[in-house]
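The lines below spell out each chain.
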Amino acid sequence: MRLRSFLATVSIVAAALCAVRLEAQSPQGTAPYSVVSAGGRRTIATAMAGDREMLRLDELAALLQLTVREDRAAKALTVSRGTNLVVLSLDQGLASMGGKIFSLSAPPARDGSRWLVPPDAVSRALAPIAGVRADVRRASRLIVLGDLRVPRITVQQEPGGPPTRLAIEMTPRTAYTIVQEPKRLLVRFDADGLDIGPITAGGGLVESVAAADPLTLAIALAKDFGTFRAATVPMDGASSRLVIDLTAVGAPPSVPSGLARAQATAPPAQAAPPAPSAARPEVPAALSAPQPPGVRTVVIDPGHGGDEEGTRSAGGVLEKDLVLDVARRLRSVLDARLGVRVLLTRDDDRVVPHDERASIANNNKADLFISLHANSSPNKSAKGAEVFYLSLDGLGAEARKLAENAEPKPVPVLGGGTRDIDLILWDMAQARHLGESAAFAMLVEEELRRRVEMSSNPVQQAPFRVLVAANMPAVLVEMGFLSNPEQETQLTSDDFKNRVVQSLFDAVVRYRGRVEAQASGRVP
Amino acid sequence: MAVSPRVVALTLITAAAVGTGTWLTVRYLNRPVRRPEVARSEASPAGAARRIKAVLHYVAADGLRLAAAERDVVYAESTSEQARRIVEALLEPAPAGLASALPPGTALRGLFVGERGDAYVDFNGSLRTNHPGGSASEILTVYAIVSALTVNLPAITSVQILIEGHEVDTLAGHIDLRRPLPNAPQWAEKGST
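If you're wondering where the values come from, they're calculated on a predicted model, not measured in any experiment.

## Some points on the overall build of chain B
Along chain B, the regular secondary structure elements total four helices and eight strands. Traced from its N-terminal end to its C-terminal end, chain B shows the element sequence α-β-β-β-α-β-β-α-α-β-β-β. Residues classed as buried in chain B amount to 39% of the 193 residues present. Sequence-distant contacts, at least 24 apart, represent 62% of the contacts inside chain B between residues at least 6 apart.

What follows is the structure, given as structure tokens:
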């Protein structure tokens, strides 16, 4: 509330001082938005206003049956439907509706005789006066009007195998049916439409994954395909994950580890996660009996990615590329020499939101989370590696106490009975692991010190965003300073990268020994 | 005329009470007046704007910590106005021998101080787009801003950084900026305020 008042005040003052009208500089837009409504699917054209992507207001008005009128005296656009009315300021990203002022990402812009509005104007200003709910999904260039079920679907094929494993994430959770055809599997979703995100699949027993129709994904199968097993697992929030393991002809069928097996392989197979199956589902091992303490899964988080490049050296080395390279090397070493399951939060050059990075670790019940970064300082002489674990400075004392003292709560499980589940606030998950995170950070620092130069502050605490929600011991490693010309050369060399990888490998081995010693009553 | 001992005693007691009251009143009226929101203030030459001494932080020589420097800042009556002037002073070129922790082009758009001592400081997009990245640089930028307000204005206990009027996740991918941050003196050189 205080923030809203502040924003309104700042905006109003700015309006009085500054009357710069944003004009559309280029009528050429990017790809259009798709609008899904009860009436079907259609597109809305876009146009660029400066460097900002905008939507054509006349098309939106036709779709939502709105009336648009320019009030030149007030420097505003009045958009109405019946008695509902919203006023959009032409000077700045502000709108007024029902006596309340709220902000938009940009003011309307003119494109010849047409008006353009930012995409968030649809959900915040236009749809409300039309009396419908609008869900604007910029990443997928989709606008959902009304209470339609249009789940976001992403597909990722896990590296390695056999078996070939596909993970299909659905947000929100959506019932589905799997039908096996001679050369493909069809995953049909119980929805009004699909918002299909990135599909990373191909190789092994999968030739490709693509939309077969508006509600169906088709998994094209290689000729060696023999059978499959599907399982679903709820994820944090409203998402769920469908895991499909594909095995070759003659190979023993696999069981997706740690997941509830949903259906057998007889075609056509049908799996509707929310509906109880006639057969009593197997209680997954991970739920039926707690695993003994150890380090079985490690999540490596290469920092930044995509448009978020991180820092850049004078020679043009990008942090996002460097840390991905080291992360892949570390995965290979941990996988080959320690036999632990290793997951990367990204295995390519793309933006991964901070919460999604933590989700990958939490949903896979990781035992360690290692975020890899390269540093930069305004002073080119700054050098050395640093290891961080989370500081809770940003949280209030009450919140910290709540997080640290969270008690497991009994919740019902499939098959009857209850099980104690840790219910913790997402934003405070790391609070309970600070002691172990500090212990792991010390081990990482000791191993790094043996092989690479450390900064004068080798182990520190900071309120790092990516560590907050990790529900396991977690550290962030700054390998060195790309802003230091000498270190830039070091950091890009195979020798240096391998020394960092060996240090992290040894630290994980030592930490695993510590955990196992604690479990057996031997205090390390 | 004989004066009774009782009258003498009463007179003395009354005189002592009046004297003590007068002394306390004078002492109260002459007490030094402190402005709680300003750490130090000093009189300025006649005709010039009144100024305070503010402790601001810049990048230290090692590039890993913040170094303190005292700067003159124009005095303001209200905490929020004083806060604004302090941040504007931080945006001015750094003193000789030190470097600014804020990227070039950074400008203050607005500042609001809440009732619970949270300050919301709104910068233009240059704070993010011109930032060189790296956690060290980001830490120095964030805590140069946080310390500027929390060190000099006791009424401000934490600071949230906004960009172009919006809350942001981070500045360059590291420090969690979704809520007001208290000062973290460990990022300042030992001996710095």
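## Concerning the overall build of chain A
Helix and strand counts for chain A stand at eleven helices and 31 strands. The buried share of chain A, reckoned over its 524 residues, is 40%.

## A few points about the pairing of strand β25 (residues 341-344) of chain A
Residue and element names in this part refer to chain A. Both strand β24 (residues 297-302) and β25 contribute to a ladder of four bridges, which runs parallel. Paired with T297 across the bridge in β25 is R341. The β-α-β motif built from β24, the intervening helix α5 (residues 319-338) and the parallel element β25 has right-handed crossover chirality.

## Regarding the pairing of strand β12 (residues 134-137) of chain A
Residue and element names in this part refer to chain A. Of the two faces of β12, the one lined by A134 and V136 is fully buried and the one lined by D135 and R137 carries no buried residue. Pairing of β12 with strand β13 (residues 142-145), which is carried by four bridges, proceeds in the antiparallel orientation. Bridge pairing links R137 to L142 in β13. Following β12, the chain reverses through four residues before pairing antiparallel with β13; R141 in that reversal takes a positive phi of roughly 55°.

## Overview of the interface of chain A and chain B
When the parts come together, some accessible area is lost, and that loss is often what is quoted as the size of the interface. Taken residue by residue, the interface counts 35 residues in chain A and 30 residues in chain B. Counting only elements with at least two residues in the side of chain A that touches chain B, the list comes to α1 (2-17), β26 (368-375), β30 (454-462) and α9 (465-468) of chain A. Per element, the largest residue contribution to the side of chain A that touches chain B is seven residues, and it comes from α1 of chain A.

## Some words on the sheet that holds strand β1 (residues 33-37) of chain A
All names here are of chain A. Pairing is mixed in the open sheet, where four strands are placed in the order β2-β1-β13-β12. Single-partner strands in this sheet number two, and they are β2 (40-44) and β12. Strand-to-strand, the axes of this sheet are offset by a mean angle of 20°, without reference to chain direction. On top of the sheet, helix α3 (residues 120-130) reaches β12 and β13; it is set at about 165° to β12, its chief contact.

## Structural notes on the environment of R450 of chain A
Positionally, R450 of chain A belongs in the loop between α8 (434-449) and β30. Measuring from C-alpha to C-alpha, the distance between R450 of chain A and R499 of chain A comes to 9.3 Å, with 49 residues separating the pair along the chain.

## Considerations on the packing of α5 of chain A against helix α11 (residues 494-519) of chain A
All names here are of chain A. Look at α5 against α11: their axes get within 9 Å of each other, and the N-to-C directions meet at 45°. When the axis of α5 is compared with that of α11, the two are oblique. The hand of the α5/α11 crossing is right-handed. Contacts between α5 and α11 involve D325, V326, R329, L330, V333, L334, R337 and L338 from the first element and K497, N498, V500, V501, L504, F505, V508 and V509 from the second. A per-class count over the contact of α5 with α11 returns eleven nonpolar, one polar and four charged.

## What about helix α2 (residues 57-64) of chain A?
Because each turn of an α-helix spans 3.6 residues, side chains separated by three or four positions end up pointing in the same direction. Residues and elements named next belong to chain A. Burial in α2 covers these residues: L57, L60 and L64. Relative to the axis of α2, the buried residues are bounded by an arc of 60° and lie together on one face. Lining the buried residues of α2 we find β2, β4 (52-56), β5 (67-71), β11 (114-117) and α3. Q65 lies just past α2 and shows a positive phi near 60°.

## Quick look at α11 of chain A
For α11 of chain A, spanning 26 residues, the distance from its first C-alpha to its last is 37 Å, which sits close to the expected 38 Å at 1.5 Å a residue. For α11 of chain A, the elements touching its buried residues are β24, α5, β26, α8 and β31 (474-481) of chain A.

## Things to note about the sheet that holds β5 of chain A
Residues and elements named next belong to chain A. With respect to topology, five strands assemble into an open sheet ordered β5-β6-β7-β8-β9, the strand pairing being antiparallel. Where the open sheet ends on each side, the last strands, each with one partner, are β5 and β9 (100-103). Pairwise comparison of adjacent strand axes, ignoring direction, gives a mean angle of 25° for this sheet.

## What to know about the environment of E70 of chain B
Residues and elements named next belong to chain B. Here E70 lies in strand β3 (residues 66-74). The exposure class assigned to E70 is exposed, which follows from the 12 C-beta atoms found within 10 Å. Note: C-alpha distance between E70 and I52 (18 residues apart in sequence) is 9.8 Å.

## What about the nonpolar core?
Formed by 106 residues in total, the largest nonpolar core has its most connected members in V298, L368, V444 and V475 of chain A together with L66, V121 and A144 of chain B. With eleven residues, the top contributor of residues to this core is helix α4 (residues 135-152) of chain B. A106, V136, F189 and L205 of chain A belong to the second-largest nonpolar core, a separate cluster that totals 65 residues.

## Quick look at the environment of D335 of chain A
For D335 of chain A, the position within the fold is in helix α5. Sequence separation of D335 of chain A and T297 of chain A is 38 residues, and the distance between their C-alpha atoms is 9.9 Å.

## Some words on unusual backbone geometry
Residue P172 of chain A is reached from T171 of chain A by a cis peptide bond, and omega for that bond is 0°. Structurally, P172 of chain A is set in the loop between β15 (164-171) and β16 (176-181). The phi dihedral of Q65 of chain A is positive, around 60°, even though this residue is not glycine. Looking at the secondary structure, you find Q65 of chain A in the loop between α2 and β5. Q65 of chain A sits in the exposed class, given 9 other C-beta atoms within 10 Å. Look at E164 of chain B: it is not a glycine, yet its phi comes out positive at around 50°. Examined against the element boundaries, E164 of chain B turns out to sit in the loop between β6 (158-163) and β7 (166-167).

Calculation notes
- Residues numbered from 1 in each chain as written.
- Chains lettered and ligands numbered in written order.
- Predicted model: local features only at pLDDT ≥ 70, side-chain atom pairs only at ≥ 80, totals over all residues.
- Helix = DSSP H or I, 4+ residues; strand = E, 2+ residues; numbered from the N terminus.
- Buried ≥ 20, exposed ≤ 12 C-beta atoms within 10 Å, placed from the backbone.
- Contact = placed C-beta atoms within 7 Å.
- Pairing = 2+ DSSP bridges.
- Right-handed = clockwise from strand over helix to strand, strands pointing away.
- Axes fitted to C-alpha atoms, helices over the stretch in contact; angles between N-to-C directions.
- Parallel < 35°, antiparallel > 145°, perpendicular 65-115°, else oblique.
- Left-handed = near helix turned anticlockwise from the far one by under 90°.
- Nonpolar A, V, L, I, M, F, W, Y, C, P; charged D, E, K, R; others polar.
- Arc of directions from axis to C-beta.
- Expected span 1.5 Å × (residues − 1).
- Core = buried A, V, L, I, M, F, W, Y, C linked by C-beta atoms within 7 Å.

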